[in-house]
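The residues making up each chain are set out below.
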Amino acid sequence: MNYPVWDLAFLGSGLVVAIIATIHIFISHFAIGGGIFLWVAEWWSGREPDGAKIREWLHKYATFFLIYTTVFGAMTGVGIWFAIQLASAEGTSLLIHQFVFVWASEWVLFLGELTVLYLYYYGWKTNSPRLQLWLAGLYALISWGSLFAINGILTFMLTPGDWNTQNLDIAAGFFNPGFWPSLFIRTLVMILLGGLGGMVIASRIENEELKEKTIRFCVKFVIPAAILTPFFAVWYWTVLPASASKLIEGGVVGVGGGRMEAITAYFLTAVVAGAMIVLASTVVYLKPKALTMMTAIAIFLIGMTGITGAEFVREMARKPFVIHGVLYSNSLWKNKAADPDYLAQPYLEKAKWHPSEMPSSLERGEWLFRLQCISCHTRDGYRAMKKRTASWSGNFGVKWFERMHEQGVMPPFEGSLEDRAALTEYLLSLHGKKENAADILKAVEAELNAEKTKMILQEAGRVPDAIPPEIPDNPEAVKDVPADENGMDVQKDNKEVLQ
Amino acid sequence: MDDRFVPVPKEAEDRLPPESSASGKLLRYLLRRLPVWPLIAFFAKKKVPQHKHSAWYTLGGIAMFFFMVQVITGVLLMIYYNPGSPWQSVQRIVMEIPFGGLIRSIHHWSANLMILTLCLHMFSTFFMKAYRPPREITWLTGLALFGITLTLGFSGYLLPWDDLSFFATRIGISEMDKIPIIGPWMGGILRGGPDVTVETIGRFYPLHVVVLPLALIGILGLHLLLIQVQGVSEPDSFRALPEEKKKYHKFFSEFLFAEIPIWLFMMGILVLLSAMFPRGLMPEADPGSAAPEGIKPEWYFMVPFQMLKIFPGALEFVGMVIMGLLPLAFVAVPFIDRNVPEDARGRLVARAGIAVVLVAVAFTIWGWLS
């Protein structure tokens, strides 16, 4: 709440981060896996009698590799910085401050990686084979080192382990429980991509015998990696926070109704992609000569679908946090959220970035929406609030904000009872419904039975004996409260849109 | 040798693995019992020309792959689908059955991609002029397959019995009512009465799960057999090449091995699309209520939808005539454009084809945006 917001229509800032980051992962993983592949292939070409021909193919690979990884890798890498600091300035700030030394190492490694790659590529004709082999090895090592560094920060966000805001233990945060399984998974996926990239280039080889030999060489990277990855995924699974694995296992009942199967489905996407790659590579191994470039690219793209699925699972499993158990996605710190008095303070008085004068509650509602919702939701695009609030009434909204964190995928709402009413007013206005926040509050007070009203008013810091005597005792009115035995189901009846 | 068994033909002996190997033994064991070598030789003949447009040859196979996915996911959906309480059973599939929502989404996406692939397949054979004699019948069976697939899309759309499917079907059939003389009669048969009711599901369901798939499989068999017998069509530019420059891939031992990984890629795409954009379920159909605002057909019916929209009121018959003549024009194509190499008439047909593609794309985008 201490930073400006990025109010991005339709996509929402979170999805923009996801899109840029996923593309960056496609490229960066190939950049490292391809490095390992180049190194092994250099060594292999030195042992084969037709090594010179193999190196022709390898040169094409290196050309593609250089352009693809350095140009697009660097662009998307910087793009991530642009996007994340706008989407969650608070989270970005924490990552920078905690891991200054790691970022510095990452930067040095990145520079080293580029330098060695240029020495390798542009020395193709002049360097001795021995030097080329060393440079390729050095590139593989340095680029893998950059994975080692960033992997600690990435996994920290989902499994911070023994790190907390009191001890600020960098080593515990870096070598967190997710560090090693994630490092192995990513290394394997990289090796797999290196082999798949090799297949794409090898599909164009004219000499049939060489084509067969080279493609079989590439497949030997792909199949073992694809088979081993799930084992490390199981290891990763065991270190996930309980709430995260629960999300993946069952999905949850979302606000719009319907089982939110997305996370399960993304998980399956990764699993199916792995299986498809094994099958496709087996087919290729059996008839390498038949491999066309189109087919090779298709197999490479299966790898991309799998990565997309796996990365979405990892991101979604972190809900409702940016740093699991530390910082919520609406930039609320968990330790502050533990204090009900802090949560119930009027929000806009604490937040810095909004107009100073906001006479109407609708305007306040919109600013509450910008400051607390748009890091994940949009009005009518990705994770649309318009769809999610289609069946809302005023008093339902007010009650929902009080209890939404109980279902496990939403952070607590930060703000007073009036804030909740103002935000509800704004969300209802998306449907063209005009309900004033003051009227909503009145409706809440009037419709709840005496006991419920008392509870809400107490939590809002109001005097309980302010209940007007004319309130009818109407237990029916609370049937909208979002809780069933799981505390998850907010579906009122079957007529809601399922998604 | 015992005369109950058939001898292994000499051509087969030349190509089989050595008799000492396990596969060699098994194959000889089978061939002595089943005299199918001529059949194998017949299928082994199929070859695919290699040229810069070869990528288009993969489309028919991809469409067939989507059809296989449709059959498998369709059977899985049938386990829980109940035409007596359609909406409730689909809701149960989405909400309660493990992976039910995913299977349903895959069925949805595979249907869409199958139709898209067929459009591309149809136009690629059109522009490569594969329909010319002697391959008219292959073209006609292909058109029939496309028609059946669209009908499968239309009939399957109603089955969830939600608001969207109900009104889309009601509007779709009411357009049919407007066809002179036979229209109301056909509409009545399809609906099972004057309006779309659960009776209509009683008709659409067997159509969707038995009649149309069986028809599709039968005609597809004929379509494939014709290609096997006549060989894959070669574009004029390839035919003009000297013999030694013509390169081919054997279908069963090479082409298929490049095709299967593409199918597997499509499987990955299907799961990814289903994960990112799962098929939703609207509220249960309420025939008494007003149609939801801005209701539109699926993209593959957008062309006739827009066509009828731009001719309002009394002029509507113009749109209907155009949409009625279009399939007939496609049927007539191989009888109009007959000559190899391409002559003036052939060039005219190709240009007309480009015009149809442009209009279809424009109408689809227009309909989608408006």
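Here the structure is a predicted model, which is why all the values come from computation and not from measurement. (Residues numbered from 1 in each chain as written. Chains lettered and ligands numbered in written order. Predicted model: local features only at pLDDT ≥ 70, side-chain atom pairs only at ≥ 80, totals over all residues.)

Asker: Break down the overall build of chain A for me, with residues and values.
Answerer: The helix and strand tally for chain A stands at 20 helices and four strands. Looking at chain A as a whole, 46% of its 499 residues are labelled buried. Contacts spanning at least 24 positions in sequence make up 75% of the contacts within chain A whose residues lie at least 6 apart. (Helix = DSSP H or I, 4+ residues; strand = E, 2+ residues; numbered from the N terminus. Buried ≥ 20, exposed ≤ 12 C-beta atoms within 10 Å, placed from the backbone. Contact = placed C-beta atoms within 7 Å.)

Asker: Report on the overall build of chain B, specifying residues and quantitative values.
Answerer: In terms of helices and strands, chain B carries 15 helices and two strands. Dimensions along the principal axes, computed over C-alpha positions, put chain B at roughly 75 × 55 × 40 Å. Across the 370 residues of chain B, 33% fall into the buried class. Long-range contacts, defined as pairs at least 24 residues apart, comprise 76% of the intrachain contacts of chain B with a sequence gap of at least 6.

Asker: Kindly report on the interface of chain B and chain A, identifying the contributing residues and their values.
Answerer: When the parts of a complex come together, some accessible area is lost, and that lost area is often taken as the interface size. At the junction of the two partners, chain B supplies 28 residues and chain A supplies 35 residues. Secondary structure elements with two or more residues in the side of chain B that touches chain A: helix H5 (86-95), helix H6 (100-127) and helix H12 (251-276) of chain B. If you tally residues by element for the side of chain B that touches chain A, the top one is H12 of chain B, at 16 residues. Looking at the side of chain B that touches chain A residue by residue, the class counts come to 21 nonpolar, six polar and one charged. (Nonpolar A, V, L, I, M, F, W, Y, C, P; charged D, E, K, R; others polar.)

Asker: Describe the nonpolar core, naming the residues involved and giving the relevant values.
Answerer: Leu192, Met199, Val222, Ile299 and Ile302 of chain A together with Met266 and Leu270 of chain B are the most contacted members of the largest nonpolar core, which totals 160 residues. For this core, the leading source of residues is H12 of chain B, giving 17 residues. Within the second largest apolar cluster, 28 residues are counted, among which are Trp367, Phe396, Ile440 and Leu441 of chain A. (Core = buried A, V, L, I, M, F, W, Y, C linked by C-beta atoms within 7 Å.)

Asker: Now, about the packing of helix H7 (residues 136-158) of chain B against helix H8 (residues 163-177) of chain B: what can you tell me, with residues and values included?
Answerer: Residues and elements named next belong to chain B. Across the interface, H7 lies against H8 with an axial gap of 8 Å and an inter-helix angle of 130°. By the angle between their axes, H7 is oblique relative to H8. Contacts between H7 and H8 involve Phe154, Tyr157 and Leu158 from the first element and Ser165, Ala168, Thr169 and Gly172 from the second. The residue inventory of the contact of H7 with H8, partitioned by class, reads four nonpolar, three polar and no charged. (Axes fitted to C-alpha atoms, helices over the stretch in contact; angles between N-to-C directions. Parallel < 35°, antiparallel > 145°, perpendicular 65-115°, else oblique.)

Asker: Which residues make up the packing of helix H11 (residues 293-317) of chain A against H12 of chain B, and what values go with them?
Answerer: With their axes 9 Å apart at the nearest point, H11 of chain A and H12 of chain B run at an angle of 25° to one another. Here H12 of chain B runs roughly parallel to H11 of chain A, going by the angle between their axes. The two elements H11 of chain A and H12 of chain B cross, and the hand of that crossing is left-handed. In this structure, H11 of chain A uses Thr295, Ala298, Ile299, Leu301, Ile302, Thr305, Thr308 and Gly309 of chain A to contact H12 of chain B, whose residues at the interface are Ala258, Pro261, Ile262, Leu264, Phe265, Gly268, Ile269, Leu272 and Ala275 of chain B. (Left-handed = near helix turned anticlockwise from the far one by under 90°.)

Asker: Run through the domain arrangement of chain B, naming residues and quoting values.
Answerer: For chain B, the assigned domains are domain 1 (1-44), domain 2 (52-293) and domain 3 (296-370). Between domain 1 of chain B and domain 2 of chain B, the C-alpha centre-to-centre distance is 39 Å. (Domains from an automatic or database assignment.)

Asker: An account of unusual backbone geometry is needed here, citing residue identities and associated values.
Answerer: Omega for the peptide link from Lys319 of chain A to Pro320 of chain A comes to -5°, which places this bond in the cis form. Residue position: Pro320 of chain A is located in the loop between H11 and strand E3 (321-323). Look at the link from Pro133 of chain B to Pro134 of chain B: it is a cis peptide, with omega at 10°. Secondary-structure assignment places Pro134 of chain B in the loop between H6 and H7. Phi at Ile181 of chain B is positive, roughly 65°, even though this residue is not glycine. Tracing the backbone through its elements, the reader meets Ile181 of chain B in the loop between H8 and helix H9 (182-191).

Asker: Just give me the short version of the domain arrangement of chain A, but keep the residues and values in it.
Answerer: Residues and elements named next belong to chain A. When its domains are assigned, chain A resolves into domain 1 (13-239) and domain 2 (334-478). The C-alpha-based centres of domain 1 and domain 2 are spaced at 46 Å. Listed by partner, the interface residues are six residues for domain 1 and five residues for domain 2. Broken down by element, the residue count for the side of domain 1 that touches domain 2 peaks at three residues, all from helix H1 (residues 13-47). Split into classes, the residues belonging to the side of domain 1 that touches domain 2 amount to two nonpolar, four polar and no charged.

Asker: Could you give me a rundown of H8 of chain B, with the residues and numbers involved?
Answerer: In an α-helix there are 3.6 residues to a turn, and that puts residues three or four apart on one side. Residue and element names in this part refer to chain B. Under the 1.5 Å per step criterion, the end-to-end length of H8 is 21 Å for 15 residues, consistent within 8% with the ideal 21 Å. Along H8, the residues that are buried comprise Asp163, Leu164, Ser165, Phe166, Phe167, Ala168, Thr169 and Ile173. In the core, the buried residues of H8 are packed alongside H7, H9 and helix H10 (198-230). (Expected span 1.5 Å × (residues − 1).)

Asker: How would you sum up H10 of chain B? Please name residues and give values.
Answerer: Residues and elements named next belong to chain B. Between its terminal C-alpha atoms H10 stretches 46 Å, which fits the 48 Å expected from 33 residues at 1.5 Å a residue. Leu207 marks where H10 bends most, by close to 45°. Along H10, the residues that are buried comprise Thr200, Ile201, Phe204, His208, Val209, Leu212, Leu216 and His223. Buried-residue contacts for H10 involve helix H4 (59-80), H5, H7, H8 and H9. Among the residues trailing H10, Gly231 stands out with phi positive, at a value near 85°. (Bend = angle between axes of the 7 residues up to and from the residue.)

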